[in-house]
Amino acid sequence: MTEIRTIGVVGLGAMGGGIAQLAVEAGYETIGREVTQEFGDAAAARIGHFLTRKVEKGQLTADEREAAVARLETTTDLEEFARCDLVIEAIIEELEPKRALFAELDRICRPDAVLATNTSALSVTEIAAATTRPERVVGMHFFNPAPLMPLVEIVQAELTSEAAVAVAVEVGSRFGKEVVTCHDTPGFIVNRVLIPLLNDCLRVLDEARVTPEALDVAMKNGAGWPMGPCALVDLVGIDVHVHAAEALYALTRDPRMAPPARLMTINNAGLLGRKSGRGFYTYEG
Ligand code: 3HC
């Protein structure tokens, strides 16, 4: 099995930043790529902040924090990924940009490097088909916020080799995650269930004429959810949920997968949830 020492992460947004944090904490040399150095610096600062909080809470020593921070390098240059044993992609949730990126990574990375996608609802098989090494392409689907949510789904696409799956399982375990493996079907395991469920919740807003606050109180206290559906969609990102729901609808033609009209309206207005300061709720800072 390829020994993994250096991990590349493409895209250091909410998901990629969290994945890079997991990688440095697990002891991997990590290269994070963003489109500008300012975005890269901001992501590194966020990771530094979360690691400082862990020191303040006694979950990490100051030395461990320093060592973890030192393992992170940010760049704007994909060519740096020639040094990586595993690359995890966490860019925009659209097929064509992902396929273009994988074709680039295929050109740049060593032939034995494993290329992983964090896609939540697109076909890993179609992404892998953009490369000349589909047997080395695998899904590694993390949940938001990646450093806190205990699960990673490892997705075996049509041509993924057992060896590439084993690499992803090994890295997921070293990240401290519960690892489940599954085949490349729409929504994999969790989103196959969660996306239509969240869509149903949002349709109830109009059907039962309740407020987002009331719906969240109901689902937290009546169904034991850790956070209500409106707060959860705000956390995930309204745009991310819309993209995932559209992708699942395109793959399944199941009307429950389609994003509810109300969510499309919010999305089109540019209210993207926590990251834009406003979604169903308004956020400070
Ligand atoms: N990255 C790193 N560290 C973070 C973080 C992040 N994004 N967010 C918070 N933290 C750290 C902070 O340091 C924080 O401590 P601090 O406030 O003292 O600094 C610490 O984690 C704990 O944060 P919270 O107090 O907010 O933690 P909670 O105990 O309230 O739990 C939660 C938060 C884990 C988000 C919990 O509310 C939960 O489980 N919610 C459900 C989330 C969920 O269902 N996610 C899945 C979404 S679906 C998905 O991702 C699929 C995708 O494909 C769309």
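Above this text sits the structure in question.
Let us look at the structure shown here. These numbers come from a predicted model, not from an experiment.

Cut-offs applied
- Each residue is numbered by its place in its chain's sequence as written, counting from 1.
- Reporting of local features is limited, given that this is a predicted model, to residues whose pLDDT is at least 70; pairs of side-chain atoms are given and counted only at 80 or more, and all residues count toward the totals for whole chains, interfaces and linings.
- Note: side-chain values were computed over all heavy atoms of the structure, leaving out hydrogens and water.
- Proximity is defined per residue: if any heavy atom of the residue lies within 4 Å of a molecule or strand, that residue is considered near it.
- The term polar contact refers here to a pair of N or O atoms within 3.5 Å; inside protein, the definition further demands a hydrogen-donor-capable atom paired with an acceptor-capable atom, and it admits residues adjacent in sequence only when both atoms are side-chain atoms.
- For accessible areas, the Shrake-Rupley method is used with a probe of radius 1.4 Å. Any residue's cover is judged against the shown protein chains and nothing else.
- Under the grouping applied here, Gly and all other residues not named as nonpolar or charged are polar, the nonpolar ones being Ala, Val, Leu, Ile, Met, Phe, Trp, Tyr, Cys and Pro and the charged ones Asp, Glu, Lys and Arg.
- Each domain's extent is set by a domain assignment, obtained either automatically or from a database.
- Criterion for a disulfide: a pair of cysteine sulfur atoms within 2.5 Å.
- Buried residues are those whose accessible area, probed at 1.4 Å on protein chains only, stays under 20% of the maximum for their type, while exposed residues exceed 50% and partly exposed ones sit between those limits.
- Strands qualify as paired when DSSP identifies two bridges or more between them.
- Think of it this way: any DSSP run of H or I at least four residues long counts as a helix, any run of E at least two long counts as a strand, and we number them from the N terminus.
- Lines fitted to the C-alpha atoms define the axes, with helices restricted to the stretch that makes contact. Angles between their N-to-C directions range from 0 to 180 degrees.
- Here, residues are in contact when the closest pair of their heavy atoms is within 4.5 Å.
- Salt bridge, as used here, is a side-chain nitrogen of Lys or Arg placed within 4 Å of a carboxyl oxygen of Asp or Glu.

Let us now look at the site of the ligand. Near the ligand you find 18 residues, and of these Arg 53, Lys 57, Ser 120, His 141 and Asn 144 are the closest. Lys 57 is positioned with one of its side-chain polar atoms (N or O) 2.6 Å from an oxygen atom of the ligand. For the ligand, an oxygen atom lies 2.9 Å from a polar atom in the side chain of Asn 191. Coverage of the ligand by the protein amounts to 64% of the 1,100 Å² it exposes when considered alone. The class makeup of the residues in the shell around the ligand is eleven nonpolar, five polar and two charged. Residues from two domains meet in the shell around the ligand; each of domain 1 (6–183) and domain 2 (191–274) gives at least three.

As a further point, take the state of the cysteines. What the rule picks out here adds up to zero disulfides. Cysteine Cys 201 remains unbridged, with the sulfur of Cys 230 as its closest cysteine sulfur at 7.9 Å. Of the residues examined, Cys 201 reaches a relative accessible area of 6% and is grouped as buried.

Turning our eyes to something else, we now look at the sheet that holds strand 1 (residues 6–10). Reading across the sheet, the eight strands line up as 3-2-1-4-5-6-7-8 and stay open at both edges, with mixed pairing between neighbours. The open sheet is flanked by strand 3 (72–75) and strand 8 (178–183), the only strands paired with a single partner. Strand-to-strand twist across the sheet, computed as the mean angle between neighbouring axes with direction ignored, equals 25°. As paired elements, strand 2 (residues 29–33) and strand 3 share four bridges and run parallel to each other. The residue bridging Thr 30 from the neighbouring strand is Leu 72, located in strand 3.

Looking along a regular strand, one sees the side chains alternate between the two faces of the sheet. Counting buried residues along strand 1, five of its five residues qualify, which places the element largely inside the surrounding structure. Going residue by residue along strand 1, you find Thr 6, Gly 8 and Val 10 tucked away on one face and Ile 7 and Val 9 tucked away on the opposite face as well. The pairing of strand 1 with strand 2 spans five bridges and is classified as parallel. In the strand pairing of strand 2, Gly 8 is matched with Ile 31.

Relative to the helices and strands, Asn 267 resides in helix 11 (residues 261–268). On the basis of relative accessibility, which here comes to 17%, the residue Asn 267 falls in the buried class. Residues in contact with Asn 267, not counting those within four places in the same chain, are Ile 238, Asp 239, Val 242 and Leu 272.

This part takes up helix 9 (residues 229–236). Most of helix 9 sits inside the fold, with seven of its eight residues counted as buried. Considered for burial, the residues of helix 9 that qualify are Pro 229, Cys 230, Ala 231, Leu 232, Val 233, Asp 234 and Leu 235. Packed against the buried residues of helix 9 are helix 7 (190–207), helix 8 (212–223), helix 10 (238–252) and helix 11. Just downstream of helix 9, Gly 237 is the residue with a positive phi angle, here 110°.

Once that is clear, we can look at the pattern of salt bridges. Under the counting rule described, the total for this entry stands at 18 salt bridges. With its nearest N and O atoms 2.8 Å apart, the salt bridge here joins Arg 110 to Asp 85. Of the two residues, Arg 110 sits in the loop between helix 4 (95–108) and strand 5 (114–117) while Asp 85 sits in the loop between strand 3 and strand 4 (86–89), which places them 25 residues apart along the sequence. One network of salt bridges, in which partners are shared, links Glu 73, Glu 80 and Arg 83.

Summarising the element assignment, Thr 75 is placed in strand 3. A polar side-chain atom of Thr 75 sits 2.9 Å from the main-chain amide nitrogen of Asp 77.

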